[in-house]
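The residues making up each chain are set out below.
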Amino acid sequence: MVLFPSLFDGLARSVSIKKGKNSQKDVGKEAAEALAKDARKSELILSSSGIVKSNRSNNFASVCSKRGQKGINQDSLIVWEEFGCQEDIIFCGIFDGHGPWGHVVSKRVKESVPSSLLCNWQKTLALTSLDMDFKIELDRDHQFDIWKQSYMKTYAAIDQELKQHPDIDAFCSGTTALTIIKQGEHLVIANAGDSRAVLATTSDDGSLVPIQLTIDFKPSLPQEAERITQSNGRIFCLHDEPGVYRVWMPNGKRPGLALSRAFGDYCVKDFGLSSIPDVTQRSIRSKDQFVILATDGLWDVISNQEAVQIVSSTPDREKSAKTLVQCAVRAWKYKKRGIAMDDISAICLFFHNSPTQQVDPLMILKQA
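- In the nomenclature of an unreviewed UniProt entry, the chain is known as protein-serine/threonine phosphatase of Manihot esculenta.
- Note on the chain: under the UniProt heading Sequence similarities (unreviewed entry), the record states "Belongs to the PP2C family."

So this is what it looks like as structure tokens:
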């Protein structure tokens, strides 16, 4: 890892000078936001359906989001190539909003997480007391620890900012947050909610197999249920939704969340709902092909195995996310008949240029 540098510090100093010595603003955060603005101008950031193709690495991302049948699309997503002006880093994030203000909350968190994480990463690096003007190699565990600390600070700060935001009502609305940092051949995954990341890797017999990188944080999980009940929150299913456990206030009247971690939803934050992310890591191996990030609207009807097969069999990688989402839309029609389709969003991040075996994606669902 090449430590970040004088570029960020210089930008922060220039922002500080422009704002004046008495500025109370966080110049580090403003510098990160300035980098994000420049990245958008350079078309290194994608926040809607499309592709991101790097000219300096093998990274290639396909992105697609489809509105469901419940109203406005509350999913938000982002891909930032050359994250923070680092050629070997790409940032991917997917956010699934819920509640009356869910679309506003997910968009706000999507806009806040990358620059805030970048700022906290810089601060955490500085706290190592290393000379930032030299290229210093850190071992992988140290790199991961810096990212994990940065994520913890970022999620906590954003959740607090959202609570105090004068124009956003997140009392009974919120969003999940699933993000991935790919730094060279190293993945850092941070998850708060029930969106999911699945890695596709080649087994010894040559077949493509899925490896789930995240936990779907549902109230029924023992560790989640323990935290909620110890905080006096309640967990139960509605009569017409057997098996779908939800989080409720002590009086059992609201909000009925089917997940146990999220930004916002302050009506149950004192009763066990958490915005603390689960941060994990994985080294990318030569047999690892790509990673899929998707909201629960997709995973409700598509298995991990089906997802990696659909993506790998799509002839044009630019259309891989769109094809995956379209397959999920079709699956809703016969697996969830009579139930309004959820918003469905996916990011497919490829690691290599090598093509994979091509099969008709529709045949995969027919065989399942």
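### Thoughts on the sheet that holds strand 2 (residues 50-53)
Reasoning step 1: Across the sheet, 6 strands lie side by side as 2-3-17-16-9-10; this open sheet has antiparallel pairing. In this open sheet, the two strands that pair with only one neighbour each are strand 2 and strand 10 (208-212). Going from strand to strand, the sheet's axes swing by 20° on average, the running direction of each strand aside.
Reasoning step 2: Note that strand 3 (residues 60-66) and strand 17 (residues 344-350) share 7 bridges and pair antiparallel. When the bridges of strand 17 are listed, Ala61 appears paired with Leu349.
Reasoning step 3: Contacts between helix 7 (residues 304-312) and the sheet are confined to strand 9 (196-202), strand 10, strand 16 (288-294) and strand 17, with strand 10 contributing the most and set at about 130° to the helix.
Reasoning step 4: The sheet contacts of helix 8 (residues 320-335) involve strand 3, strand 16 and strand 17, and relative to strand 17 the element is tilted by about 145°.

### Side note on the pairing of strand 17
Reasoning step 1: The element strand 17 is largely enclosed, with a buried count of 7 among its 7 residues.
Reasoning step 2: Sheet analysis places strand 16 next to strand 17, joined by 5 bridges and oriented antiparallel. Across the sheet, residue Val291 finds its bridge partner in strand 17, namely Leu349.

Rules used in this analysis
- Residues numbered from 1 in each chain as written.
- Predicted model: local features only at pLDDT ≥ 70, side-chain atom pairs only at ≥ 80, totals over all residues.
- Heavy atoms only, no water.
- UniProt positions renumbered as here; feature names shortened; annotations may be inferred.
- Pairing = 2+ DSSP bridges.
- Helix = DSSP H or I, 4+ residues; strand = E, 2+ residues; numbered from the N terminus.
- Axes fitted to C-alpha atoms, helices over the stretch in contact; angles between N-to-C directions.
- Contact = heavy atoms within 4.5 Å.
- Buried < 20%, exposed > 50% of the residue type's maximum accessible area, 1.4 Å probe, protein only.

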